[in-house]
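The lines below spell out each chain.
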Amino acid sequence: VITLSGNMLIFGTKSQALTVKEYSVQSELRIAVEKTNELVRYSKAIFAVPEPFIASESVMDPGWNYLMVSPDEKKIVIMKYDDSLKTHVENVVVDESEGLLYGLSFNKDETANGDTILKYEVHAYNSDDEGNKTNEKIAYETTVETLNAIQVVDKGTEASPSIALAFRSDGETSGKGENEIAYITIIVDTSGSMNEAPDGSTVTNKNGKTSRIDEVISALIGDGSSNGTGIIQSLAKEENVFVSLVPFATTANSPFTSANSKPDELHPFYEVYNSDESTTLRGVIGSLNATGGTNTGDGLRRAYYLHNTFRTRMSAAGMPIDAKDQVHHYIILLVDGETTYETKNYKYEDNNGYYTYSGYRENISGTNYYRFDWNTGWASTEITGFLPDGNIALDYLSSYSPGSETLKEIEHKYGLISYVSGRNYYNYTGNYVKYGEKNDSVPSKTVITGTGSSTISNSQYIASVGSAIEGFDDSAGIRSYLIGYASGLTTNIKYIGDEIGTEDANRYVYNSTDFDLDEIFKNIATDIMADYWLAAGPQIVK
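Residues numbered from 1 in each chain as written. Predicted model: local features only at pLDDT ≥ 70, side-chain atom pairs only at ≥ 80, totals over all residues. Heavy atoms only, no water.

**Student:** Describe the packing of aromatic side chains, with residues and values.
**Tutor:** Two measures describe an aromatic ring pair: the distance that separates the ring centres and the angle between the ring planes. If you walk through the whole model with that rule in mind, you get eleven aromatic pairs. Relative to Phe-310, the ring of Phe-242 has its centre 5.7 Å away and its plane inclined at 65 degrees; by these criteria the two rings are edge-to-face. You can see Phe-242 sitting in strand β11 (residues 241-248) and its partner Phe-310 sitting in helix α6 (residues 310-316), a full 68 residues away along the chain. One aromatic cluster is present, built from ring pairs that chain together Tyr-183, Phe-242, Phe-269 and Phe-310. Positioned over the ring face of Tyr-125 is Lys-133, at 4.5 Å from the centre of the ring. (Phe/Tyr/Trp six-rings, centres within 6.5 Å; stacked < 30°, edge-to-face > 60°. Helix = DSSP H or I, 4+ residues; strand = E, 2+ residues; numbered from the N terminus. Lys NZ or Arg CZ within 6 Å of the ring centre and 35° of its normal.)

**Student:** So, unusual backbone geometry: which residues are in play, and what are the values?
**Tutor:** Following Ser-254, the chain continues into Pro-255 via a peptide bond in cis, with omega recorded as 5 degrees. With respect to the element layout, Pro-255 can be found in the loop between β11 and β12 (270-271). Non-glycine residue Glu-73 carries a positive phi angle of around 65 degrees. Within the secondary structure layout, Glu-73 lies in the loop between β2 (65-69) and β3 (76-82). Even without being a glycine, Asn-458 presents a positive backbone phi close to 50 degrees.

**Student:** Hey, could you go over helix α2 (residues 212-221) for me, with residue numbers and the actual values?
**Tutor:** The buried fraction of α2 is high, at seven of ten residues. Buried within α2 we find Arg-212, Ile-213, Val-216, Ile-217, Ala-219, Leu-220 and Ile-221. Just downstream of α2 lies Gly-222, where phi reads positive at about 60 degrees. (Buried < 20%, exposed > 50% of the residue type's maximum accessible area, 1.4 Å probe, protein only.)

**Student:** Would you mind going over the sheet that holds β12 in detail, with residue names and values included?
**Tutor:** Read from one edge of the open sheet, six strands run β12-β11-β10-β13-β22-β23, paired in mixed fashion. Two strands close off the open sheet at either side, each with one partner strand: β12 and β23 (507-509). As paired strands, β11 and β12 are joined by two bridges and run antiparallel to one another. Bridge assignment links Phe-242 to a residue of β12, and that residue is Glu-271. (Pairing = 2+ DSSP bridges.)

Here it is in structure tokens:
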């Protein structure tokens, strides 16, 4: 009886000890889960990483912290980077417990509706006297959504799954001293047809309808506040994201598509993480209005040069980009109609075809000068090739009628006017030459072609710019997104997309039943940041 009672007492004591131990482990694991949830929810950047990223302290990326299992698998720890010590320091989350080993696994929840859900598991294993795992004792599996990071990124693979969580709260997303920079140009059609409703119907005093230009503004900036739901506010969650707005209509001149008041003006870039710059950009977008024709090639030309000169302009602005830093380039193009204007370069030559317009004379210092149509008075030959950067003069390649313009107005507007006095004429260079002698010293001139109403199919201007965009060689080239915001643009969108190298998945064509502009811009923002973040994040220090 005494022996039996003793055995029962021992068994009861052991059972109680096991129960207490199991309860203790469960409590510790709940702490680990709560800590993980907190980190995921409130960190600015979240990356699930595999074993090579945490193999030793020497390979861990400075500036990043890691939630992980200790190398001996006996603890769950946070390896927090100490900038003063220039090393990672261990902070214990779940302490050692005799006979137990731990494990973590992380991956992005691909079944979730969005890119901000992390799925993870916390494991506890029994171990034998030699420290080997025997069987799994307890496991927690759960999901959590990040609130501050634009998305969760899983750097693991099937062969090397993620077993640690790299995180930081300072807004940076780059690693080991290198910067990953995103530069995005948003090219928006602001032609007159953007005043129509999305289905093409007329908007008169609103009539309960919203115009395309209003819908675009809303998709870009929501209600215009810093907490709005537009793509700009989404991109503003990350540092090192720069955005330029390129409106285009008859031209893509800056700051106005219908004027050339500032010939050297460039479209500015804004670091949208900076609240002041983001506010300024949202104000510019909110003031967009629609007028003029559609010169898609000119919008693409201006965007190409913005990307091509981005590093130079950053240096000029006092923010030089280190050669080792990576710039990721993106174009978002929205059009609501076919191309109706192009911009071309012409070489003009004197063709000796001078005929005065009777009655259209101007007396200068006592001498009568006749005005001539530069378009018929000079022979023009198109110069093929890509146009240079900058605003263009509002000169149209069409028949000129003198009308009531003064000599100086014509000279300012066209620049290639000849004035005749007797048997001599005064050419634009300021030299007198004999009537009938040929003047071959005329430079090239950029002019606008098209009527504004007739469609220009398979625009060669778009093709020439597209070749430059496809051949862009900084980092990984320019990734493009294309939105056709009107019915009947399938062929045009295919042509533009093919010329600038837009992937099929990144082309959106209007369908009145299921076209959601807000959702399209949100998808584009998510895709851009996913592409940008894959190259960013913690690195393996070598």
